[in-house]
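Working through the structure, step by step
Below, each chain spelled out in residue letters.
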Amino acid sequence: MKKRLQTATIGLIILTFISKILGFVRELVISYIYGTTAMSDAYSMANSIAILIVTGLAMGIMTAYIPESMLIAEEDRRNEFFNNLINAVLLICGIISIICIIFVKPIVSVIGIGFSDETKRYTEILLCFVMIASVCIFLIYTISGFLNTKKNFYYNGVQLIITNFIVIIAVMLSKESPVKLGMGYLMAYIIPLILGWLLMKQYNFKYKRILDFQDKHLRKICTVSIIAFLGTNVIKLNVMLDRVFASILQEGAVAAINYAFTLTSIVPEVFSLSMITVLYPELSELFVKEEYTLFEEKIVKLLKQTILILVPITVFFLAEGDWLVQALFQRGAFDEQATNMTVQVLKGYSLGMLPIGISFILCKVYFARKEALVPTVCLGISILINAVLDFILVHRGLMGLTAVTTISIALATFAMLWILIKKGAICNIKKILKVFFKSIFAACFMAALIIGMRKYCMTLYEQSGMVVQFLLLAGITFISGLSYIVCMIILKEETLLDELEKIKHKF
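What you are looking at is a predicted structure, and each value in this text was computed from that prediction instead of being measured. (Residues numbered from 1 in each chain as written. Predicted model: local features only at pLDDT ≥ 70, side-chain atom pairs only at ≥ 80, totals over all residues. Heavy atoms only, no water.)

**Considering the overall build of the protein**
Within the protein, the secondary structure is distributed over 18 helices and zero strands. At a minimum sequence separation of 6, the contacts of the protein that also span at least 24 residues come to 85%. (Helix = DSSP H or I, 4+ residues; strand = E, 2+ residues; numbered from the N terminus. Contact = heavy atoms within 4.5 Å.)

Listed below in structure tokens is the structure:
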């Protein structure tokens, strides 16, 4: 069982990594073709609504479905319940999508309060396609929850790969036409939906026209999914607030937030979110069986691994953010001004990578413990803090907006961790702090090395072309990463040594 979970975790991490790379390539293509213009702002705003509200609620349904379905012993009853859920999602999402399309103009006027008329028109067209695609997104995540209960964790990763690939092609072929881009966006979700439906057939799924809103399991999922949405998507809600306020500042500010957040969200989602997604069904089962010691061991191990990975990457982004953005984005329509805006946002969001990664884990832990209200309250308060401070600091520029977001998420994450400790769910906090301080020490050594290498390579970097810049950046990344690992080995960090021993044993 343990080996199977490890294989599933590695497989999901690989698929998520590939999907994130394609998602990053998608942003590179958008930045090259659109830069920080009206079209890029319109796409960023419309897509952020899909990611925030639609995908967020859909993930909430998936999160709520997994433990609820485990309470139903009979396979036939479980299939009936899933059919009821599918039909309810289809009906409710269809109605909401139609309403949003009818009132698209006032919606865009609110979310894009500072947009020009051209940007608003582009956003309205793209948002209509996004709302149609939202029905597919809800069904995709509902199917993903069903497949997860069957120990199939790969579909969601494959779906993201297909979606990103089709969107890349759509952007390249759109030629600044929002209609063509919107049609491509819609197809990017229809195709993986068909794939998911075919995959369910392999698990003897049979579709039935069942719709019963009185079903107690369906009602519970509706309640828990809303709580799960608020609990697991507060980061994206905070970033959405940043986008709304950034639309007041200048054209391209919303796109700059989108590019920077894409960079900083890759690592927490690839590692922390992938690992807890695979472990979540097991944690739910352990808590039901009252195996609290093993439950805690798995949480502590996951938190230590997250710290080991995210601390050095945070330091690297802070030290190398300007070169990173310049090497990756600055070409085509993405000029020096766009680079400067994106770097400001990147540095503000970089400090939030570790709190984000830990919050992914803690939210799932609370859901497994049937205490979904705790992360909802903690993270909900962080949204209020962020909204108030964004309103106060909006005229201080992008750096102020993003710094406030990072602070609010960090406070919420600390509160969730502290409550778990007070409840006795985590007793080995000293082990976590030990890894944290060792990581900080090793990352500081790594930062000093990066600064030295930057000074030595500065002239060569500024006078070279794109290929040499990439090579220099890759070289600094490799050497700095290696120095961090060596430093942690010297400090005898057990978690890292255990992972290295496992790799050694496999090869």
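Having put the structure on the table, let's press on.
**Points about the nonpolar core**
Ranked by internal contacts, the top residues of the largest apolar core, which has 159 residues, are Leu181, Tyr189, Leu263, Phe295, Leu303, Phe329 and Ile426. Those residues in contact with Leu181 that sit more than four places away from it in its chain are Tyr34, Met39, Tyr43, Leu126, Ala170, Val171 and Ser174. (Core = buried A, V, L, I, M, F, W, Y, C linked by side-chain atoms within 4.5 Å. Buried < 20%, exposed > 50% of the residue type's maximum accessible area, 1.4 Å probe, protein only.)

**As for the packing of helix H10 (residues 253–288) against helix H13 (residues 353–368)**
Running from N to C, H10 and H13 point in directions that differ by 15°, and their axes come no closer than 9 Å. By the criterion of interaxial angle, the relationship of H10 to H13 is roughly parallel. When the axes of H10 and H13 are compared, the crossing they make is right-handed. Residues Thr264, Pro268, Glu269, Ser272, Leu273, Ile276, Tyr280, Leu283, Ser284 and Phe287 of H10 form the contact with H13, whose own contacting residues are Met353, Ile356, Gly357, Phe360, Ile361, Lys364, Phe367 and Ala368. Tallied by class, the residues present in the contact of H10 with H13 amount to 12 nonpolar, four polar and two charged. (Axes fitted to C-alpha atoms, helices over the stretch in contact; angles between N-to-C directions. Parallel < 35°, antiparallel > 145°, perpendicular 65-115°, else oblique. Left-handed = near helix turned anticlockwise from the far one by under 90°. Nonpolar A, V, L, I, M, F, W, Y, C, P; charged D, E, K, R; others polar.)

**A word on the packing of aromatic side chains**
Tallying each qualifying case throughout the model produces eight aromatic pairs. Considering the side-chain rings of Trp197 and Tyr207, the 5.8 Å spacing of their centres and the 55° angle between planes classify their relative orientation as tilted. Of this pair, Trp197 sits in helix H7 (residues 178–201) while Tyr207 sits in the loop between H7 and helix H8 (216–232), and the two are 10 residues apart along the sequence. Accessibility expressed as a relative area gives 26% for Trp197, which makes it partly exposed. Since its relative accessible area comes to 38%, Tyr207 is described here as partly exposed. Plain terms: the ring middles of Phe287 and Phe295 are 5.9 Å apart, the flat faces sit at 55° to each other, and that makes the pair tilted. Among the residues examined, Phe295 registers a relative accessible area of 2% and is labelled buried. (Phe/Tyr/Trp six-rings, centres within 6.5 Å; stacked < 30°, edge-to-face > 60°.)

**Observations concerning the side chain of Glu320**
Turning to its location among the elements, Glu320 is positioned in helix H11 (residues 292–329). Discounting chain neighbours no more than four positions away, the residues touching Glu320 are Ile450, Arg454, Leu473 and Ile476.

**Quick look at the side chain of Arg454**
Counting through the fold element by element, Arg454 comes out in helix H16 (residues 429–463). Looking at Arg454, its side chain comes within polar contact range of the side chain of Glu320, at 3.0 Å. In contact with Arg454, other than residues within four places in its own chain, are Ala319, Glu320, Asp322 and Trp323. (Polar contact = N/O pair within 3.5 Å; in protein donor to acceptor, adjacent residues only side chain to side chain.)

**A word on the pattern of salt bridges**
Evaluation of the coordinates by the stated rule reveals six salt bridges. Here Arg454 makes a salt bridge to Asp322, at a shortest N to O gap of 3.0 Å. Here Arg454, found in helix H16, pairs with Asp322, found in helix H11; they are 132 residues apart in sequence, far enough to count as distant. Among the residues examined, Asp322 registers a relative accessible area of 25% and is labelled partly exposed. In this structure, Lys423 and Glu371 form a salt bridge, with 3.7 Å as the shortest nitrogen-oxygen distance. In this pair, Lys423 sits in helix H15 (residues 398–423) while Glu371 sits in the loop between H13 and helix H14 (373–393), placing the two residues 52 residues apart along the sequence. In this structure Glu371 comes out as buried when scored by relative accessible area, which is 19%. One network of salt bridges, with partners in common, ties together Glu320, Asp322 and Arg454. (Salt bridge = Lys/Arg side-chain N within 4 Å of Asp/Glu carboxyl O.)

**Concerning a nonpolar patch on the surface**
A cluster of nonpolar side chains, Leu91, Ile92, Ile95, Ile96, Ile98, Ile99, Ile102, Phe103, Leu211 and Phe213, forms an exposed patch at the surface whose accessible area comes to about 910 Å². Take Ile98: it is sitting in helix H3 (residues 75–102). Ile98 sits in the exposed class, given a relative accessible area of 52%. (Patch = residues over 30% accessible without salt bridge, like charges linked within 9 Å, V, L, I, M, F, W, Y side chains within 5 Å. Areas by Shrake-Rupley, 256 points an atom, 1.4 Å probe, with all protein chains shown as cover.)

**A look at unusual backbone geometry**
A positive phi is found at Lys492, a non-glycine position, where the angle reads about 55°. Structurally, the position occupied by Lys492 is in the loop between helix H17 (466–490) and helix H18 (494–506).

**Remarks on H17**
The terminal C-alpha atoms of H17, which comprises 25 residues, lie 36 Å apart, in line with the 36 Å expected from a rise of 1.5 Å per residue. What H17 keeps buried is the set Gln469, Leu472, Leu473, Ile476, Ser480, Ser483, Tyr484, Cys487 and Met488. Immediately beyond the C-terminal end of H17, within one or two residues, lies Lys492, with a positive phi of roughly 55°. (Expected span 1.5 Å × (residues − 1).)

**A closer look at the environment of Lys236**
Position of Lys236 among the secondary structure elements: in helix H9 (residues 234–249). Classification of Lys236 as buried rests on a relative accessible area of 18%. Taking C-alpha positions, Lys236 is 9.5 Å from Phe261, a pair spaced 25 residues apart along the chain.

**What to know about the packing of H11 against helix H12 (residues 336–350)**
H12 packs onto H11 with a crossing angle of 170° between their chain directions and a minimal axis gap of 9 Å. With respect to each other, H11 and H12 are oriented roughly antiparallel. In contact with Thr314, Phe317, Leu318, Gly321, Asp322, Val325 and Gln326 of H11, H12 contributes Thr339, Thr342, Val343, Leu346, Lys347 and Ser350.

**Here we look at the environment of Tyr43**
If you trace the backbone, Tyr43 turns up in helix H2 (residues 38–69). Between the C-alpha atom of Tyr43 and that of Ile30, which follows or precedes it by 13 residues, the distance is 9.1 Å. With residues near it in sequence (within four places) discarded, Tyr43 still touches Arg26, Ile30, Leu126, Val167, Leu181 and Tyr185.

**Remarks on the environment of Ile125**
If you trace the backbone, Ile125 turns up in helix H5 (residues 117–149). Along the primary structure Ile125 and Ile101 are separated by 24 residues, whereas in three dimensions their C-alpha atoms are 9.4 Å apart. The residues contacting Ile125, other than those within four sequence positions of it, are Pro178 and Val179.

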